[in-house]
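Results of the structural survey
Spelled out from the first residue to the last, the chains are:
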Amino acid sequence: MSESSIQDDVLGELGPDRLSEIAGLLGTDAAGARETVATTIGAMTGDLQEKADADDDDGNEVRQAFAEVSEPPLQGVATLGGGLLGGGLMAGVLAKVSKPVAAAVSKKTGIPAATVARVIEMLIPVLLTVFAKRAAAGKGSVKK
């Protein structure tokens, strides 16, 4: 069995209801929403990979965020209000890349950047879930 892509994992996590919600936001059908989600996830993971490979503060932050996602979640009261439930460092990293990604996806697809940004807001918690599941399964987190 071949390893699923991040796009496939995100689409699986979204499910039909949230995909329909994205389609409505975009004014398209499910196939159009799937294509936009795949394009957006590809741009986000590509940007994250580029930053992770950089030998600077951004690179350190992205690598640290992936390390945080890869750690097993804490049990009990210690998880309240923090850790993976709150998104931690990775949520902040994803929020940072969202504006340039929205601009790039907008340029590629013709969808207004503000609309793409709203889609990205919906995708960030799903991406956090996918990254955590992939890390728990021992799969690479950023590979497309």
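Residues numbered from 1 in each chain as written. Predicted model: local features only at pLDDT ≥ 70, side-chain atom pairs only at ≥ 80, totals over all residues. Heavy atoms only, no water.

What to know about helix H2 (residues 30-53)
What counts is decided by this rule: Going along the chain from the N terminus, every DSSP run of H or I of four or more residues is numbered as a helix, and every run of E of two or more is numbered as a strand. Expected span of a helix, by definition, is 1.5 Å for each gap between consecutive residues, and there is one gap fewer than residues. For each residue, the accessible area found with a 1.4 Å probe, counting protein chains only, is set against the maximum for its type, and the residue is called buried under 20%, exposed over 50%, and partly exposed in between.
The terminal C-alpha atoms of H2 lie 34 Å apart, and with 24 residues this matches the ideal 34 Å at 1.5 Å per residue to within 8%. Looking at H2, one finds that the buried residues are Gly32, Ala33, Thr36, Val37, Thr40, Ile41, Gly42, Met44, Thr45, Asp47, Leu48 and Ala52.

Here's the deal with the packing of helix H1 (residues 6-26) against helix H6 (residues 113-136)
Condition: In this analysis an axis means a line fitted to C-alpha atoms, helices contributing only their contacting stretch, and an angle means the value between N-to-C directions, from 0 to 180 degrees. The labels follow the angle: roughly parallel below 35 degrees, roughly antiparallel above 145, roughly perpendicular from 65 to 115, and oblique for the rest. Each crossing gets its handedness from the near helix: less than a right angle anticlockwise from the far helix is left-handed, clockwise is right-handed. Two residues form a contact once any of their heavy atoms are found within 4.5 Å.
Axis separation between H1 and H6 bottoms out at 9 Å; the angle between their running directions is 155°. Judged by the angle between their axes, H1 and H6 are roughly antiparallel. In the packing of H1 onto H6, the handedness of the crossing is right-handed. Facing H1, whose interface residues are Ile6, Asp9, Val10, Glu13, Leu14, Arg18, Glu21, Ile22, Leu25 and Leu26, H6 presents Thr115, Arg118, Val119, Met122, Leu123, Val126, Leu127, Thr129, Val130, Phe131, Lys133 and Arg134.

Structural notes on H1
Which entries qualify depends on this criterion: To get the bend at a residue, fit one axis to the 7 residues ending there and another to the 7 starting there, then take the angle between the axes.
The terminal C-alpha atoms of H1, which comprises 21 residues, lie only 21 Å apart, well short of the 30 Å expected from a rise of 1.5 Å per residue. Maximum bend of H1: about 95°, positioned at Gly15, with proline Pro16 one to four residues after it. Here the buried face of H1 lies against H2 and H6. Immediately downstream of H1, the backbone of Gly27 shows phi near 70°, a positive value.

Topic: the packing of H2 against helix H5 (residues 88-109)
Applicable threshold: All amino acids are sorted into three groups, where Ala, Val, Leu, Ile, Met, Phe, Trp, Tyr, Cys and Pro are nonpolar, Asp, Glu, Lys and Arg are charged, and the leftover types, Gly among them, are polar.
Packing of H2 against H5 brings their axes to within 9 Å, and their N-to-C directions diverge by 130°. Relative to H5, the element H2 lies oblique. Seen from above, H2 lies across H5 with right-handed handedness. The segment H2 lies against H5, with Thr39, Thr40, Ala43, Met44, Asp47, Leu48 and Lys51 engaging Val93, Leu94, Val97, Val101, Val105, Lys108 and Thr109. Of the residues belonging to the contact of H2 with H5, the class tally is eight nonpolar, three polar and three charged.

Notes on the environment of Ser5
Among the secondary structure elements, Ser5 is positioned in the segment before H1. Taking the relative accessible area as the measure of exposure, Ser5 reaches 17% and is therefore buried. For the pair formed by Ser5 and Ala38, sequence separation is 33 residues and the distance between their alpha carbons is 9.9 Å.

Details of the environment of Glu121
Along the polypeptide, Glu121 turns up in helix H6. Of the residues examined, Glu121 reaches a relative accessible area of 58% and is grouped as exposed.

Focus on the confidence of the model for the protein chain
Under the convention used in this document: pLDDT gives the predictor's per-residue confidence on a scale running from 0 to 100.
Of all residues in the protein chain, 81% attain a pLDDT of 70 or more, and the chain-wide mean is 82. Ranking the elements of the protein chain by mean pLDDT puts helix H4 (residues 83-86) last, at 43, and H1 first, at 93. Note that residues 74-86 has pLDDT below 50 and, in this model, six contacts with residues that lie over four places away or in other chains.

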